[in-house]
Amino acid sequence: MKNTTMSPESYMMSLGYSAKEHQGSVKSPIFQTSTFAFRSAEEGKAFFEIAYGLREKKEGEEMGMIYSRVDNPNMNILEKRLAVWDEAEAGAFFSSGMAAITTTVFTFVRPGDLFVYASPVYGGTDHFFNHVLPQFGIKVVKFFPGDSEVDILKKIEHEAPGMKPAMIYVETPGNPVNSLVDLSMVKRIADGFSTFERDCLMVVDNTFLGPVFQHPMKFGADLVVYSATKFIGGHSDVIAGACVGSAGLIGQIKAMRTFFGSQLDPNSSWLLMRSLETLKIRMQQQVKNAKEVAQYLSNHPMVEELHYLGNLEKNSEQYRIFERQCEAPGSMIAFNIKGGEKEAFAFLNNLELFKLAVSLGSTESLAEHPATMTHVDVSPEDRKRLGISPNLVRLSIGLENAGDLILKIEKAFEKAEEVYSGSKEKEITSY
Ligand SMILES: *Cc1c(COP(=O)(O)O)cnc(C)c1O
């Protein structure tokens, strides 16, 4: 579905749907049905032949619906529309981001294979890679942001001598401190391992900046995965996931999805069609708000260190990667508050307007404590390495007025500061 004639947002209200064929209904109905009637036995036979890959589609032959686990009109429209943002040929939707990730990995990675990924990744993804894949005889090797091409190749050769990875998986920006991985470098590594018989696939989790502000396929990614629960859904009311890429790869993933049963239901698909119409303006406004909040945080005496892509040090390698592959700094902010867990908790417990909740990318602003919540399952050693310390707070900035958000942050800092000076006094008197 390569549509380069208009901007993506112009397709979100119409692509893949014809009002004329639905009594003029401007919006697509919800196709709340499990099964679809064939016009004839011959047609049913033809659909099954194509669905099971028993023969190729003939020139001009239209594939119809069979059963909603295989395909449903709402999910189908949604897939066409999401693919436009990444200029991908095809897309697939799933019942969650985790369903998108697990179905994608199991479509291409087999027992005996090597699987390589960049840490940090989302907590659920990390658990799946480290605790589930090995149970299927899949060897897993990880690298870290900041590792050079040579470092990574050495690591692979050391931990899996002579093996060629079937897949390299990265999430960038990484959660929670917005660490960036150089996608062009990952592509060079993947290409180096690809052979005539088998490609080493490069998969990128684009949940944090995509599909509006980062396009990994332009840097060589074969597949891009999303938790559509986050920015794509954008209203904290749907769990969903997606994958986009070439028609060939997505076709294989959809075949696997049919047997895992991990497709998205018609109702959630319809809700996401609505969400896609406002995706770009939501994300743009969220970035605007986040920049204001980050600017305020960067000057606050209770902030020890700020992790926001809009405030990277100009001469750093991370800044160079940002300039190359990100089109905006996004709306995820993390910062180290002066003190430790006590001060972080005092801040969170006194932060009004924000919801104290995990997840991100929604209309409402959210705040959480990575070390004890989203990243509690990460080993202490990796937590240290990834900067997930007890004084780290993560914010997802929504659509409230930025000035109001800043006022509430100010109030929460006052409480945290009381705790901080209180514990400093105690330290002094205990000498
Ligand atoms: C939330 C999230 C996931 C998992 O998605 P679910 O929709 O919760 O299953 C995967 N990757 C990233 C980056 C996420 O933030």
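Our structure is the block above this text.
Rules behind the numbers
Residues numbered from 1 in each chain as written. Predicted model: local features only at pLDDT ≥ 70, side-chain atom pairs only at ≥ 80, totals over all residues. Heavy atoms only, no water. Near = heavy atom within 4 Å. Polar contact = N/O pair within 3.5 Å; in protein donor to acceptor, adjacent residues only side chain to side chain. Areas by Shrake-Rupley, 256 points an atom, 1.4 Å probe, with all protein chains shown as cover. Helix = DSSP H or I, 4+ residues; strand = E, 2+ residues; numbered from the N terminus. Nonpolar A, V, L, I, M, F, W, Y, C, P; charged D, E, K, R; others polar. 1 Å grid on protein atoms, 1.4 Å probe; cavity = no way out; pocket = protein on both sides within 12 Å on 5 of 7 lines; lining within 4 Å. Points joined across faces, edges and corners; volume = space filled by probe spheres on them. Axes fitted to C-alpha atoms, helices over the stretch in contact; angles between N-to-C directions. Parallel < 35°, antiparallel > 145°, perpendicular 65-115°, else oblique. Left-handed = near helix turned anticlockwise from the far one by under 90°. Contact = heavy atoms within 4.5 Å. Pairing = 2+ DSSP bridges. Buried < 20%, exposed > 50% of the residue type's maximum accessible area, 1.4 Å probe, protein only. Domains from an automatic or database assignment.

Enquirer: Whenever I open this one, the site of the ligand confuses me. Can you help?
Expert: Taken together, 13 residues form the shell around the ligand, and within it Gly97, Met98, Asp205, Thr229 and Lys230 come nearest. Measuring from a nitrogen atom of the ligand, one finds a side-chain N or O atom of aspartate 205 at 2.7 Å. Out of a free accessible area of 380 Å², the ligand has 94% covered by protein chains. Broken down by element, the residue count for the shell around the ligand peaks at 3 residues, all from helix 3 (residues 97-108). Within the shell around the ligand, the residues separate by chemical class into 5 nonpolar, 5 polar and 3 charged.

Enquirer: What exactly am I supposed to notice about empty space enclosed by the protein here?
Expert: Gaps between atoms show up when a probe of the same size as a water molecule is rolled over them. One pass over the full model with this rule turns up 1 cavity of 30 Å³ or more. For the largest cavity, the calculated volume is near 40 Å³. Along its surface, the largest cavity is lined by Tyr117, Ser119, Pro120, Val121, Asp126, Lys142, Val378, Asp382 and Leu386. Split into classes, the residues belonging to the lining of the largest cavity amount to 5 nonpolar, 1 polar and 3 charged.

Enquirer: Even after reading the chapter, I still don't get the packing of helix 5 (residues 149-159) against helix 6 (residues 183-193), so can you show me in this structure?
Expert: What describes two packed helices is the angle between their axes and the distance between those same axes. Running from N to C, helix 5 and helix 6 point in directions that differ by 40°, and their axes come no closer than 10 Å. With respect to helix 6, the axis of helix 5 lies oblique. Pair helix 5 / helix 6 crosses with right-handed handedness. Side by side, helix 5 and helix 6 meet where Glu149, Ile152, Leu153 and Ile156 of the first sit next to Met185, Arg188, Ile189 and Phe193 of the second. Counted by class, the contact of helix 5 with helix 6 contains 6 nonpolar, no polar and 2 charged residues.

Enquirer: Help me understand the sheet that holds strand 12 (residues 392-396), please; the structure alone is not making it clear to me.
Expert: Two modes of strand pairing occur in sheets, parallel and antiparallel, and in both the strands are linked by backbone hydrogen bonds. Spatially, 8-9-12-11-10 is the arrangement adopted by the 5 strands of the open sheet, whose pairing is mixed. Each edge of the open sheet is held by one strand with a lone partner, namely strand 8 (303-307) and strand 10 (355-356). Note: strand 10 against strand 11 (residues 366-368), 2 bridges, orientation parallel. By the bridge assignment for strand 11, leucine 356 is matched with alanine 367. Against the sheet, helix 8 (residues 266-298) engages strand 8, strand 9 (332-337) and strand 12, with an angle of about 15° to strand 9. Strands strand 9, strand 10, strand 11 and strand 12 of the sheet are contacted by helix 10 (residues 341-349), whose axis makes an angle of about 130° with strand 9.

Enquirer: I'm lost on the side chain of arginine 257 in this one. Help?
Expert: Take arginine 257: it is sitting in helix 7 (residues 247-260). Ignoring anything within four residues of it in the chain, the contact list for arginine 257 reads Val70, Met75, Glu79, Ala92, Phe93, Phe94, Thr103, Ser262 and Gln263.

Enquirer: Would you explain the pairing of strand 1 (residues 90-94) in this entry?
Expert: A regular strand places its side chains on the two faces of the sheet in alternate fashion. Buried residues dominate strand 1, accounting for 5 of its 5 residues. For strand 1 and strand 7 (residues 241-245), the ladder comprises 5 bridges, and the chain directions are antiparallel. Bridging across to strand 7, phenylalanine 94 finds its partner in glycine 241.

Enquirer: I would appreciate a short explanation of the layout of surface pockets in the present structure.
Expert: Of the voids in this model, the largest pocket is the one considered here, and its volume is about 1,800 Å³. Forming the walls of the largest pocket are 45 residues, and the residues nearest its centre are Lys57, Met63, Met65, Asp71 and Asn76. Breaking the lining of the largest pocket down by element, the ones donating at least two residues are helix 1 (41-51), helix 2 (73-85), strand 1 and helix 7. Per-class residue counts for the lining of the largest pocket are 22 nonpolar, 10 polar and 13 charged. Considering only enclosed or pocket space, the second largest pocket measures out at about 490 Å³ in volume. Lining the second largest pocket are 22 residues, and of these Val177, Glu305, His307, Leu312 and Gln318 lie nearest its centre. At 3 residues, strand 8 tops the list of elements feeding residues into the lining of the second largest pocket. Residues belonging to the lining of the second largest pocket are distributed by class as follows: 9 nonpolar, 10 polar and 3 charged. Split by domain, the residues of the lining of the second largest pocket number at least three in each of domain 1 (8-33 + 68-276) and domain 2 (279-430).

Enquirer: Hey, could you run me through the environment of serine 275 in this one?
Expert: For serine 275, the location among the structural elements is in helix 8. Discounting residues that sit within four places of it in the chain, serine 275 has contacts with Ile232, Gly233, His235 and Arg282. Engagement of the side chain of serine 275 in a polar contact is seen with the backbone oxygen of glycine 233, the distance being 2.6 Å.

Enquirer: It is not clear to me how the sheet that holds strand 5 (residues 201-205) should be interpreted in this structure. Could you clarify?
Expert: In spatial order, the strands read 1-7-6-5-4-2-3; together these 7 strands make up an open sheet with mixed pairing. The open sheet is flanked by strand 1 and strand 3 (139-143), the only strands paired with a single partner. Here the average twist between neighbouring strands, direction ignored, is 20°. Of the strand pairs in this sheet, strand 5 and strand 6 (residues 223-227) are connected by 3 bridges, and their pairing is parallel. Within strand 6, the position partnered with valine 203 by the bridge is leucine 223. Docked against the sheet, helix 4 (residues 123-132) engages strand 2 (114-118), strand 3 and strand 4 (165-171), running at close to 150° with respect to strand 2.

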